[in-house]
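# Working through the structure, step by step
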Amino acid sequence: MAPKRQWRYLLVDVDGTLLDSWGRISPRSEAVLREAVSAGLTLVLATGRTYPSLLRVVGGLDVPFHTITNGGAVGLRPGAAAVPYVSLLDPAVWPRVVEGLREEGLSVVVYGHRHPAPPQIVIASERGHPHFESYVGRNRAQIRIEPELARAEIADVVEVAALGSGEAFDGASARVRERFAAETENHTMVLFIAAQFGKITEFFGPGTSKWHAFLGLFPQARPETVIAVGDEANDREMIAAAGLGIAMGNATAELKATADRVTGYHDEDGFAEALEPILAEFRG
């Protein structure tokens with residue numbers, strides 16, 4: 001572990017880490033973020049959300065932060081003023097992923113990068129799994145419908161995803177993930193929408209991750225100067241690579257096994273619990 005004065009970056013997942021189950025940041029966690037920035041740490045929020053979706057939950061933060069969105073596909077400077085990092089899916093690959101998912105009967109979403117405009121969310125139909133329909137309802141302003149989704153003209157695709165739940169979804173996702181394992185970075189994880197837990201299966205360009213996006217934003221950063229905190233499959237690489245990787249109490253078993261330290265649950269201020277002793281050392 002780096003001596004206290006060598007910490008330079010705080011890389012934080014959002015859902016399940018900074019946010020509680022109701023999508024809120026506690027006053028205690030907000031205070032930790034302010035103290036971290038005041039202590040000289042560069043704050044990076046790393047999320048599977050799109051940037052507009054992220055702003056719905058963290059737009060009130062009164063500290064500057066860099067942003068990694070779409071699970072590591074896009075890296076933004078504070079205020080989304082610039083986009084130093086984008087990882088795109090191969091135009092020859094993503095339509096085949098869409099076809100594979102739809103052949104399995106899954107509800108599919110394609111994300112097109114359009115900064116400074118909000119990302120385009122392209123779907124074949126508004127009807128599908130209830131989890132998918134909830135997601136569409138929350139993001140309707142960015143939705144475009146293309147019934148022939150695999151043949152639609154979508155520029156700069158950063159992600160293809162399927163939303164659902166249950167054993168049938170897990171099995172179908174696993175089959176498509178295995179089929180495209182050599183051509184994409186992919187995983188399945190929990191997604192919390194409209195007070196219901198479901199799952200999302202995501203496909204990105206090879207090597208895409210929150211950690212790679214972080215290095216794209218800060219190419220001179222030394223891993224041993226980074227504190228990373230997360231809870232899910234898309235946090236694994238940053239937790240493993242950071243000088244201090246912290247898993248939430250609600251994290252997956254795999255992430256806990258990867259982490260240097262495990263803290264409390266996101267509904268019990270686990271994020272603040274982990275960071276307060278570290279920040280106290282800065283004051284010492």
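Below, the structure is looked at part by part. (Residues numbered from 1 in each chain as written. Predicted model: local features only at pLDDT ≥ 70, side-chain atom pairs only at ≥ 80, totals over all residues. Heavy atoms only, no water.)

Further remarks concern helix α7 (residues 210–217). Burial in α7 covers these residues: Lys-210, Trp-211, Ala-213, Phe-214 and Leu-217. Along the axis of α7, the buried residues cluster in a sector spanning 160°; they form a single face. (Buried < 20%, exposed > 50% of the residue type's maximum accessible area, 1.4 Å probe, protein only. Helix = DSSP H or I, 4+ residues; strand = E, 2+ residues; numbered from the N terminus. Arc of directions from axis to C-beta.)

One pass over the structure, following the stated rule, counts 17 salt bridges. Note that Glu-103 is salt-bridged to Arg-179, the shortest N-O span being 3.6 Å. With Glu-103 in helix α4 (residues 94–103) and Arg-179 in helix α6 (residues 166–179), this residue pair connects regions lying 76 residues apart in the sequence. Its relative accessible area of 49% is what places Arg-179 among the partly exposed residues. With its nearest N and O atoms 2.5 Å apart, the salt bridge here joins Arg-151 to Glu-148. Residue Arg-151 is classed as exposed on the basis of its relative accessible area of 59%. Linked by salt bridges that have partners in common, Asp-13, Lys-210 and Asp-235 make up one network. (Salt bridge = Lys/Arg side-chain N within 4 Å of Asp/Glu carboxyl O.)

Attention now moves to the packing of aromatic side chains. Tallying each qualifying case throughout the model produces four aromatic pairs. Consider the rings of Tyr-9 and Phe-214, whose centres lie 5.3 Å apart with planes at 85°: the pair is edge-to-face. Of the two residues, Tyr-9 is situated in strand β1 (residues 9–13) and Phe-214 in helix α7; the sequence distance between them amounts to 205 residues. Phe-214 sits in the buried class, given a relative accessible area of 0%. Ring centres of Phe-214 and Phe-218 lie 5.3 Å apart, and the angle between their planes is 45°; this geometry places the pair in the tilted category. A single burial state applies to Phe-214 and to Phe-218, both of which are buried. Every member of this aromatic cluster is reached through a ring pair, and the members are Tyr-9, Trp-211, Phe-214 and Phe-218. Sitting over the face of the ring of Phe-218, Arg-77 holds its NZ or CZ atom 5.9 Å from the ring centroid. (Phe/Tyr/Trp six-rings, centres within 6.5 Å; stacked < 30°, edge-to-face > 60°. Lys NZ or Arg CZ within 6 Å of the ring centre and 35° of its normal.)

What follows deals with the sheet that holds strand β13 (residues 244–247). As summarised here, the arrangement of the eight strands in space is β5-β4-β3-β2-β1-β12-β13-β14, forming an open sheet in which the pairing is mixed. Of all the strands in the sheet, just β5 (85–86) and β14 (261–262) have a single pairing partner and so form its edges. By the bridge criterion, three bridges tie strand β2 (residues 42–46) to strand β3 (residues 66–69) in an arrangement that is parallel. Directly across from Leu-45, in β3, lies its bridge partner Thr-67. (Pairing = 2+ DSSP bridges.)

Glancing now at the nonpolar core. Core analysis: the biggest nonpolar cluster contains 31 residues, and Leu-10, Leu-45, Phe-271 and Leu-275 have the highest contact counts within it. Those elements that place two or more of their residues in this core are β1, α1 (14–18), α2 (27–38), β2, α3 (51–58), β12 (226–230), β13 and α10 (270–283). Of all the elements, α10 adds the most residues to this core, at seven residues. Those residues in contact with Phe-271 that lie beyond four places of it in its chain are Leu-10, Val-12, Thr-17, Leu-18, Ser-29, Val-32, Leu-33, Val-229 and Met-248. Core analysis: the second largest hydrophobic core is formed by 23 residues, Leu-89, Trp-94, Val-122 and Val-157 among them. (Core = buried A, V, L, I, M, F, W, Y, C linked by side-chain atoms within 4.5 Å. Contact = heavy atoms within 4.5 Å.)

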